[in-house]
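Fold and geometry: a report
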Amino acid sequence: MPIFGRERAAERSTGPLRLHLGCGQSPIPGWLNIDFQHLPGVDRVLDVRRGLPFENVAMIYGEHFLEHLELEEGLACLVECRRALADDGILRVSTPNLDWVLASHYRHGRWTTDDEAISDCFRMNRAFHGWGHRFLYNRQALEAALSAAGFSTITMHRYGESDVPELAGLERHEKSGDTAELPHVLIVQASGRAARREISRELREEYRQALEAR
Ligand SMILES: C[S@@+](CC[C@H](N)C(=O)[O-])C[C@H]1O[C@@H](n2cnc3c(N)ncnc32)[C@H](O)[C@@H]1O
């Protein structure tokens, strides 16, 4: 696991540790930028599915990252985030909004030609399988995943906005036809500790078996 100069600097730093997961080529200055690909701007090459080797972290941020993990990997990653964060640490996640995908990609009943229906069929499949996507969340499922990880306070936020100055203005991705009622991404902050409330085992098991079937 390579250690680069900036990571050593971050580890020496006495300031609060802030992790940017799945940073890609959009590193955030002052944060420890983590990705499993060697990309320009990555401070630490790390597959988060193997855990987060950090403690007492002040903040964790991930934009367009969670949906790249399979459901169980994503749930485990959120548990790791809660463990690695300090008691007063905060997680912020931005991930595609399944409600928006459905509303904007699949105009069932409004097609005027077969070509439109075919196009929507492709667009829906692209949303689920394209760009390395593994699991798309709606708000309720994302909140349930964070509760399952043991966070007690879960709040939704608008693009670029936060009550915590360090977490404001972080989103970089383009906006895609958002409305206030239906944003294209779910942006959530999670903090505090609570007993973990697992998502239905039956649902998860049924999903796991379906993924394994061919
Ligand atoms: C769609 S890109 C988003 C990059 C950046 N956050 C942005 O918004 O532009 C997803 C990133 O997550 C990284 N990634 C996916 N799975 C990962 C994993 N298991 N561990 C670490 N990084 C991962 C990918 O390499 C990729 O750079």
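Above this text you will find the structure in question.
Just so it is clear, the structure is predicted and the values come from calculations on it, not from any experiment.

**What to know about helix H6 (residues 201–212)**
- Across its 12 residues, H6 extends 16 Å between first and last C-alpha, which sits within 8% of the 16 Å expected from 1.5 Å per residue.
- Burial analysis of H6 places just 1 of its 12 residues in the buried class, which makes it a mostly uncovered element.

**Topic: the sheet that holds strand S7 (residues 185–191)**
- Ordered in space as S3-S2-S1-S4-S5-S7-S6, the 7 strands form an open sheet in which the pairing is mixed. A strand with exactly one partner marks an edge of an open sheet, and here the two such strands are strand S3 (44–45) and strand S6 (153–156).
- With 4 bridges connecting them, S6 and S7 associate as antiparallel partners. Across the sheet, threonine 153 pairs through a bridge with serine 191, a residue of S7.

**A short note on the state of the cysteines**
- One pass over the full model with this rule turns up 0 disulfides.
- Unpaired in terms of disulfides, cysteine 23 finds its nearest cysteine sulfur in cysteine 77, a separation of 13 Å.
- You can call cysteine 23 buried: its relative accessible area is 4%.
- Unpaired in this structure, cysteine 81 has its nearest cysteine sulfur neighbour in cysteine 77, at a distance of 4.3 Å.

**With respect to the pairing of strand S4 (residues 57–63)**
- Within S4, 7 of the 7 residues are buried, which leaves the element mostly enclosed by the surrounding structure.
- Bridge count for S4 against strand S5 (residues 85–96) is 6 bridges, and the pairing is parallel. Paired with glutamate 63 across the two strands is serine 94, which belongs to S5.
- Between S4 and its parallel partner S5, the chain crosses via helix H2 (residues 71–84), and the hand of that crossover is right-handed.

**Considerations on the site of the ligand**
- The full set close to the ligand counts 17 residues, and Gly22, Asp35, Gln37, Asp47 and Glu63 are the nearest of them.
- Glycine 22 has a polar backbone atom sitting 2.7 Å from a nitrogen atom of the ligand.
- Contact between the ligand and histidine 173: an oxygen atom at 3.0 Å from a side-chain N or O atom of the residue.
- When the free accessible area of the ligand is taken as 600 Å², the share hidden by the protein chains comes to 86%.
- Taken together, the residues of the shell around the ligand break down into 6 nonpolar, 7 polar and 4 charged.

**So, the packing of helix H3 (residues 98–105) against helix H4 (residues 114–129)**
- Packing of H3 against H4 brings their axes to within 9 Å, and their N-to-C directions diverge by 165 degrees. Relative to H4, the element H3 is oriented roughly antiparallel. Here H3 and H4 pass one another in a crossing that is right-handed. Across from Leu98, Val101, Leu102, Ser104 and His105 in H3, the residues of H4 making contact are Asp120, Arg123, Met124, Arg126, Ala127 and Phe128.
- The class makeup of the residues in the contact of H3 with H4 is 6 nonpolar, 2 polar and 3 charged.

The rules behind each value
Residues numbered from 1 in each chain as written. Predicted model: local features only at pLDDT ≥ 70, side-chain atom pairs only at ≥ 80, totals over all residues. Heavy atoms only, no water. Helix = DSSP H or I, 4+ residues; strand = E, 2+ residues; numbered from the N terminus. Expected span 1.5 Å × (residues − 1). Buried < 20%, exposed > 50% of the residue type's maximum accessible area, 1.4 Å probe, protein only. Pairing = 2+ DSSP bridges. Disulfide = S-S within 2.5 Å. Right-handed = clockwise from strand over helix to strand, strands pointing away. Near = heavy atom within 4 Å. Polar contact = N/O pair within 3.5 Å; in protein donor to acceptor, adjacent residues only side chain to side chain. Areas by Shrake-Rupley, 256 points an atom, 1.4 Å probe, with all protein chains shown as cover. Nonpolar A, V, L, I, M, F, W, Y, C, P; charged D, E, K, R; others polar. Axes fitted to C-alpha atoms, helices over the stretch in contact; angles between N-to-C directions. Parallel < 35°, antiparallel > 145°, perpendicular 65-115°, else oblique. Left-handed = near helix turned anticlockwise from the far one by under 90°. Contact = heavy atoms within 4.5 Å.

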